[in-house]
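What follows is the residue order along each chain.
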Amino acid sequence: MSAGPAKSRGTLYGIQYLRALAALAVVLFHAAERSGHAFAIGAAGVDVFFVISGFIMWVIVERRPVTPGRFLAERIRRIVPVYWLATGVMVAGALAGLFPNLVLTAGHVAASLFFVPARSPSSGELWPVLVQGWTLNYEMFFYAAFAACLLLPARLRLPVMAAGFCLLVAFGLAVDGDAPLFVTYTRPIILEFVAGMLIGRLWLAGRVPGRSAALGLIGLGLAGFAVIGLFRLPFDEWTCGPLACMLVCGTAALDRHGGIARFTVPAMLGDASYSIYLWHTFAISVVAKIGAKAALPPSLVLLLSACAGVAAGLCAYRLVERPLLRAKPAARPVPASLETPS
């Protein structure tokens, strides 16, 4: 570990690229599902997002102290409008008969809009109307807990968050239950936010690995995901969480050492990662249906649907998300370079 305060306040390009990689992994996961391929490990992009989220929130608030109310207001402005729009499109499509397998109920739609875990009447799974929005239930829970901890002295925030989330996970392991709130918020995946916060704390203190060790962590993380994917091994948050932490810790350390340059396309994909995550499934569904009707080779359907998913997200970022971000109040803005993808 090297010591000393973190020096850079600029864009963390490595974290941007990692956000892009996580979003692309999720896109490939869904494109593979719809084209008859297997890329289950792509779902682990969510684990990377959660660790990044904990890291970014800790760094933002430590650099720029904020009240709990303002923190939540900023998070809501960042997350809710685009998500509600995407959910509205999903509801409108279902009402128009475009999604025949989607069953709508007023209660489930309301729960989806307000980030309350609820079982889908379509599948029985703990999914909102826009399926990938399940991760936002965790994000908003983390934001609420984080905001509450802002009332505490700075030195107690991380220990209290860690203790609280560990107790929730321990409770979930010790007690059987199938209530949506219980099942959701006792999953070990919530510990990934705490891990990200810890990485952020060490990063701000300058206690990060040297370049060689950072590259080693990134290599180990990528190799671990590759082994799981190539050999189709079972995985969950207990395996993917530590691998995601390796990636984030190593990448943040390289950013700390100023070792990651800006590349236009990866940076753009990182900026648009939230929109890519929310909107890609619409485009993938359309392309997959066209490919099936045209009897296109599955490999071509995979490629075209993945490209369409990314393109849809980029368009949504340019036309929807970025204008909304520019329209939000200018007082005490969150640095764009440190925005969370979700």
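Nothing here was measured: the structure is a model prediction, and the numbers come from that model. (Residues numbered from 1 in each chain as written. Predicted model: local features only at pLDDT ≥ 70, side-chain atom pairs only at ≥ 80, totals over all residues. Heavy atoms only, no water.)

What follows is about the overall build of the protein chain. For the protein chain, the count of helices and strands is 13 helices and zero strands. Taken from the N to the C terminus, the helices and strands of the protein chain come in the order α-α-α-α-α-α-α-α-α-α-α-α-α. Its C-alpha atoms give the protein chain a radius of gyration of 20 Å, within 12% of the compact-globule value 20 Å for 342 residues. Counting only C-alpha atoms and orienting by the principal axes, one finds that the protein chain spans roughly 60 × 45 × 40 Å. A separation threshold of at least 6 residues defines the contact pool for the protein chain, and within that pool the share at least 24 residues apart is 79%. On the protein chain, roughly 15,200 Å² of surface is accessible, and the fraction owed to carbon and sulfur atoms is 70%. Positive and negative charge centroids in the protein chain, built from 27 and 15 side chains respectively, lie 11 Å apart. (Helix = DSSP H or I, 4+ residues; strand = E, 2+ residues; numbered from the N terminus. Rg over C-alpha atoms; globule rule 2.2 N^0.38 Å. Contact = heavy atoms within 4.5 Å. Areas by Shrake-Rupley, 256 points an atom, 1.4 Å probe, with all protein chains shown as cover. Lys, Arg positive; Asp, Glu negative; His and termini not counted. Charge placed at Lys NZ, Arg CZ, Asp CG, Glu CD.)

A separate point is the nonpolar core. Phe 55, Phe 71, Phe 142, Phe 146 and Leu 278 are the most contacted members of the largest nonpolar core, which has 89 residues in total. Top contributing element to this core by residue count: helix 2 (residues 45–63), with 13 residues. Excluding residues within four positions of it along the chain, Phe 55 makes contact with Leu 12, Ile 15, Gly 196, Met 197, Ile 199, Gly 200, Trp 203, Val 248 and Ala 252. (Core = buried A, V, L, I, M, F, W, Y, C linked by side-chain atoms within 4.5 Å. Buried < 20%, exposed > 50% of the residue type's maximum accessible area, 1.4 Å probe, protein only.)

Let us now look at the packing of helix 1 (residues 13–35) against helix 11 (residues 264–271). Packing of helix 1 against helix 11 leaves a shortest axis separation of 7 Å and a crossing angle of 70°. What the angle tells us is that helix 1 and helix 11 run roughly perpendicular. The handedness of the crossing between helix 1 and helix 11 is left-handed. Only Pro 266, Ala 267, Leu 269, Gly 270 and Asp 271 of helix 11 make contact with helix 1, whose side of the interface consists of Gln 16, Tyr 17, Arg 19, Ala 20 and Leu 24. Among the residues forming the contact of helix 1 with helix 11, the class breakdown is six nonpolar, two polar and two charged. (Axes fitted to C-alpha atoms, helices over the stretch in contact; angles between N-to-C directions. Parallel < 35°, antiparallel > 145°, perpendicular 65-115°, else oblique. Left-handed = near helix turned anticlockwise from the far one by under 90°. Nonpolar A, V, L, I, M, F, W, Y, C, P; charged D, E, K, R; others polar.)

A word on a nonpolar patch on the surface. Side chains of Trp 84, Phe 114, Val 116 and Leu 181 sit close together on the surface and give an oily, nonpolar patch of about 400 Å² of accessible area. Tracing the chain through its elements places Leu 181 in helix 7 (residues 180–185). (Patch = residues over 30% accessible without salt bridge, like charges linked within 9 Å, V, L, I, M, F, W, Y side chains within 5 Å. Salt bridge = Lys/Arg side-chain N within 4 Å of Asp/Glu carboxyl O.)

Further remarks concern the environment of Ala 23. With respect to the secondary-structure elements, Ala 23 resides in helix 1. For the pair Ala 23 and Val 248, spaced 225 residues apart in sequence, the C-alpha separation works out to 14 Å. In this structure Ala 23 touches Phe 49, Ser 273 and Ile 276, once residues within four positions along its chain are discounted.

Moving on, we come to unusual backbone geometry. In this model, Phe 115 sits at a positive phi of 60°, which is unusual for a non-glycine residue. Note that Phe 115 resides in the loop between helix 4 (106–113) and helix 5 (134–149). Since its relative accessible area comes to 11%, Phe 115 is described here as buried. Although it is not a glycine, Ala 295 adopts a positive phi angle of roughly 55°. By the element assignment, Ala 295 lies in the loop between helix 12 (273–293) and helix 13 (298–327). Taking the relative accessible area as the measure of exposure, Ala 295 reaches 65% and is therefore exposed.

Bringing empty space enclosed by the protein into the picture now. Following the criterion strictly, the structure yields four cavities of 30 Å³ or more and no others. Forming the boundary of the largest cavity are 10 residues, of which Ile 199, Leu 202, Arg 207, Val 208 and Cys 249 lie nearest the centre. Those elements giving two or more residues to the lining of the largest cavity turn out to be helix 8 (191–204) and helix 10 (237–256). Per-class residue counts for the lining of the largest cavity are nine nonpolar, no polar and one charged. (1 Å grid on protein atoms, 1.4 Å probe; cavity = no way out; pocket = protein on both sides within 12 Å on 5 of 7 lines; lining within 4 Å. Points joined across faces, edges and corners; volume = space filled by probe spheres on them.)

By themselves, these figures tell us nothing about what the structure is for.
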